[in-house]
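# Fold and contact review
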Amino acid sequence: MEQKKFDLNSFIGLILLGGIIFWWMSTQEPEIDAANDATKTEVIDATKITTQDNFTNNTPVVNDSLKQIALKNELGAFAQSAMNASEGVSVLENDVVKLTIDNKGGQIKEALIKNFKTYDSLPLYMIKDNNASFNINFGTADNRILNTKDLFFEPTITKNGDNQVVSMKLKVSETQYLEYRYEMKPKEYMVNFAVRSQGLSNVINTSNPISLDWSLNGYRHEKSLKTENTMYTHFYYKAEQEVDYINGGNSEILNDVDWVAYKQHFFTSNLLSDKPFNNATITSTDLVLNEETDTVFTKKFELKTPLELSNGELNYNMKWFYGPSDYNLLKKYEGTDLAETADLGWGIFGFLNRTVFYPVFNFLKGLLSNYGLIIILMTIVVRLIMSPLVYKSYLSSAKMKVIRPELTALNEKYPGKENAMKRQQETMAIQRKAGVNMMSGCIPALLQMPVFFALFKFFPTNIALRQENFLWANDLSSYDTIAQLPFTIPFYGNHVSLFPILASVAIFFYMKMNQSQQANMQAPTQEGMPDMSKMMKYMIYFSPIMMLFFFNNYASSLSLYYFVSNLLTIAIMLVIKNYVIDEDKIHAQIEENKKRPEKKKSKFREKIDSAMKQAQEQQAQQKKK
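The rules behind each value
Residues numbered from 1 in each chain as written. Predicted model: local features only at pLDDT ≥ 70, side-chain atom pairs only at ≥ 80, totals over all residues. Heavy atoms only, no water. Helix = DSSP H or I, 4+ residues; strand = E, 2+ residues; numbered from the N terminus. Contact = heavy atoms within 4.5 Å. Areas by Shrake-Rupley, 256 points an atom, 1.4 Å probe, with all protein chains shown as cover. Pairing = 2+ DSSP bridges. Axes fitted to C-alpha atoms, helices over the stretch in contact; angles between N-to-C directions. Core = buried A, V, L, I, M, F, W, Y, C linked by side-chain atoms within 4.5 Å. Buried < 20%, exposed > 50% of the residue type's maximum accessible area, 1.4 Å probe, protein only. Polar contact = N/O pair within 3.5 Å; in protein donor to acceptor, adjacent residues only side chain to side chain. pLDDT = per-residue confidence, 0-100. Phe/Tyr/Trp six-rings, centres within 6.5 Å; stacked < 30°, edge-to-face > 60°. Patch = residues over 30% accessible without salt bridge, like charges linked within 9 Å, V, L, I, M, F, W, Y side chains within 5 Å. Salt bridge = Lys/Arg side-chain N within 4 Å of Asp/Glu carboxyl O. Lys, Arg positive; Asp, Glu negative; His and termini not counted. Charge placed at Lys NZ, Arg CZ, Asp CG, Glu CD.

## Observations regarding the overall build of the protein chain
Looking only at helices and strands, one finds 14 helices and 21 strands in the protein chain. Considering only contacts in the protein chain between residues 6 or more positions apart, those separated by 24 or more positions represent 67%. Split by element, the accessible area of the protein chain, about 34,600 Å² in all, is 56% carbon and sulfur.

Take a look at the structure:
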C-alpha cells in the first residue's frame, strides 16, 4: 500500500486562500437605505424639538401662573400693572431743563438744570442717584396698603402742539388707572404736572387716608458750603396767602398750602398745586454735621400731606419747577409770589431791592458785560444818590463845632451831678436858639442804614453774579482767595480774601477821617456820663477788624461794593469839607438865629420841658432831705 506524504505547497495554498476569504469578508458592510436613514434622523430631531418645546412653553406657563397668584395676593387689583412692568425711563427736555422720568414710581429720577455748572464745573443736578422720592400712599378696597414708588407705570410720550407730554399710568385695566401727566413747554423751567385717577372709585379705599410724600436731599452747588447751607438754604412755603420759611431742624403743620420750595442758595425745587394742601407737615433737616466730611448734601426737605378724593377719584393739577432762584425770572410767574424765595430781605430792605437796586442793576447789565464794572458803576450811582444825606450830616457837624465852646462853658458853669438837669435844659436852649438840631446829624446816618442792609442781601443772592470773575475773584457770588492757609482761624476761615482786606482798610480811613466830625456832633462830656470820644477811638479799630473777619467768607461782590463805597464817601466828604462847607458863614448864620425871637414851643417840646422841670424839682427836694 502506497504511503501518503505531507504536501507543503497545498498547505500554503490553503492558508493563502483562507486569508483572502477573511480579507474579503472583513472589508464588506451591509448596504444601508438612505431614505430609511433620513427618516430615522428626522424622527430623532423631531423628538428633540418636541422635548425642548415642551420645556420652554410649559415652564413659563407654570412661572407666570405662580407670579400672577403672588402678585394678586400682594397687589390685588394692581397686579396686572406689575405683570406688564418693564424697567425704563422717559425724557422731557428743552433748552433750559432736562427731566428723566422712571417707569418705577412714575417719578422724576433726574432733574438737570442746563446752562449752569456746580462750583467744581460739574453738570448741575437737582435730582440724581436717588436723592429724591415722590410717593402716594393709599389703601385699596381689598385692605391693601400700596406705595406708588414701588409700582411700575406704563409710559406714553406724545405732543401737545409744541409741548412735550409724558403720561405715566398705573393700570388696573385699560380704563382704570392712576395717571401722572407731565407737560413741558419750550424754554420753560415750569412743568405742568397732573395727578388724577380714572375708574378707581371702587378700587381705592376711601376710608383710608391718601398721603403724598415728597422728599429731597439738596445737593451742595456752591464753593462755600457754610454760607450756602446756613445763610441761604431754607424751606419756603406759601400758606394762607403768606410766604414764610423754616430753617434746618424745624417742622411745622400748615393749612392752605399753595406751594412749597426746597430753596438752596441759587437754585430751587418747587411743587405748586391749584388745590391747596391742608394739614401738611413740612420738615427741614440739616445734613451738615461736620463741614469737613459732610460735603455732598446741605439739607433734607420733606413734605407729607393728605390728598382729597373728589367723587372717589384723585384730581390735582400741579406744577414742578426745577430752576434758578432768580428774582427776574420768578417775578414773571404772577400771582404765585415765588419771587419772594429770591431772599431780597423783608420790609423796607426788600422794597429797596425790588424797586431801586434791581432796576438799576438790570439797566447797567444791558450796557456792560463785565459785572465787576457794573458793581462799581452801581456803587457810584448809590453814593451820588446818598450824597445829600452825607452833606446834611457834615453840615450838622459843622454847626455843632461852632457852638461847642458855649457848651463847654455851660459845663463849667453848672458842674456836678446835682446840676445835670439844669445843664441839659441850658444845652437844649442853646441848640434851639442857634438853630441846631442834634437829630439832624443822626437822621441822615439812620436813613443810610436801610441801603446798607438791602445791599447786604442784594449782592450775595443775585444769581447774575454767580461764577462771574473780576480781577482776582473768580466768582463774585462767593469769597475770593489769594492765599490758602494750612490751618483754620476761628470765625475767619482757612483762606485769605483780598477784597475784605481792602474794604477794611477803606473803612478804617473813613472812620479816622470821620472821627473829628463825630466828635463835633457830641456835646461835651458831662460828669457821670461815659466819654463817647474814647468809645469812638476804639470803634475805629474794632469795626475794620470785625468787617475783615465777617466778610472773609462772604460774597466778594459785597466786599467790592463796600470798598468802592467807602472810597467814594471819603472823596465826597473831602469835597464837602474843602469846597462846600464854609464855617464862617455857618457861624454868622447861628448868630443871626440867636437874635431872632424864639419860636413858640410845640406841644411835644412843652411836655419834654415840663418833665425835665419836674425831675429837676424832685432832685432838689431829695437833695434838701
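## Remarks on the sheet that holds strand 10 (residues 190-198)
Ordered in space as 7-8-9-10-19-16-15-12-13, the 9 strands form an open sheet in which the pairing is antiparallel. This sheet does not close on itself; its edge strands, each paired only once, are strand 7 (154-160) and strand 13 (242-246). Strand after strand, the sheet turns through a mean of 20° between neighbouring axes, direction not considered. Pairing between strand 16 (residues 267-277) and strand 19 (residues 315-324): 7 bridges, direction antiparallel. If you follow L271 over to strand 19, its bridge partner there is W320.

## Observations concerning the nonpolar core
Counting residues in each nonpolar core, the largest one holds 118 residues, and the members touching the most others are Y180, V260 and W320. Per element, the largest residue contribution to this core is 7 residues, and it comes from helix 7 (residues 371-413). Ignoring sequence-local partners within four residues, the contact set of V260 consists of W214, F235, Y236, Y237, S269, N270, L271, I282 and L303. Of all hydrophobic cores here, the second largest spans 10 residues; its members include L395, I572, I576 and I586.

## Structural notes on the side chain of H495
In this structure, H495 sits in strand 21 (residues 493-496). Classification of H495 by relative accessible area gives buried; the value is 1%. Engagement of the side chain of H495 in a polar contact is seen with the side chain of S497, the distance being 3.4 Å. Within polar-contact distance, the side chain of H495 engages the backbone oxygen of N552 at 2.9 Å. Filtering out sequence-adjacent residues up to four positions away, H495 remains in contact with Y479, D480, T481, A483, Q484, L485, N552 and N553.

## A few points about the confidence of the model for the protein chain
Taken residue by residue, the protein chain gives an average pLDDT of 80. The fraction at 70 or more is 73%. This model gives residues 28-62 a pLDDT under 50, and the stretch forms 4 contacts once residues within four places in sequence are excluded.

## Things to note about the environment of V96
Take V96: it is sitting in the loop between strand 1 (89-93) and strand 2 (97-102). Judged by its relative accessible area of 12%, V96 is buried. Put simply, V96 and E188 are 92 residues apart on the chain and 6.7 Å apart in space, counted from C-alpha to C-alpha. In this structure, V96 is in contact with L112, I113, K114, N115, K187, E188 and Y189, ignoring residues within four places of it in sequence.

## Regarding the pairing of strand 2
Within strand 2, 5 of the 6 residues are buried, leaving the element largely enclosed by the surrounding structure. For strand 1 and strand 2, the ladder comprises 5 bridges, and the chain directions are antiparallel. Across the sheet, V91 pairs through a bridge with T100, a residue of strand 2. Between strand 1 and strand 2, which pair antiparallel and follow one another directly, the connecting turn spans 3 residues. Pairing analysis gives 5 bridges linking strand 2 to strand 3 (residues 108-117), with the strands arranged antiparallel. If you follow K98 over to strand 3, its bridge partner there is L112. The antiparallel hairpin formed by strand 2 and strand 3 contains 5 residues in its connecting segment, where G105 sits at a positive phi of about 85°.

## Quick word on the packing of aromatic side chains
The full count for this structure, using the stated rule, is 43 aromatic pairs. Considering the side-chain rings of F193 and W320, the 5.4 Å spacing of their centres and the 45° angle between planes classify their relative orientation as tilted. Here F193, found in strand 10, pairs with W320, found in strand 19; they are 127 residues apart in sequence, far enough to count as distant. In this pair, the class of F193 matches that of W320, namely buried. Summarising the aromatic geometry, the rings of F452 and Y562 are spaced 5.0 Å apart at their centres and angled 25° between planes, so their arrangement reads as stacked.

## Details of unusual backbone geometry
The phi torsion of most residues other than glycine is negative, and most of the peptide bonds are trans. The phi torsion at K187 lies on the positive side, around 55°, for a residue other than glycine. Among the structural elements, K187 can be located in the loop between strand 9 (176-184) and strand 10. Residues other than glycine seldom take positive phi values, yet Q241 does so here, at roughly 65°. Topologically, Q241 is positioned in the loop between strand 12 (234-239) and strand 13.

## Remarks on a negative patch on the surface
On the surface, E240, E242, D244, E252, D256 and E340 cluster together to form a negatively charged patch. Given the relative accessible area of 52%, E240 is considered exposed.

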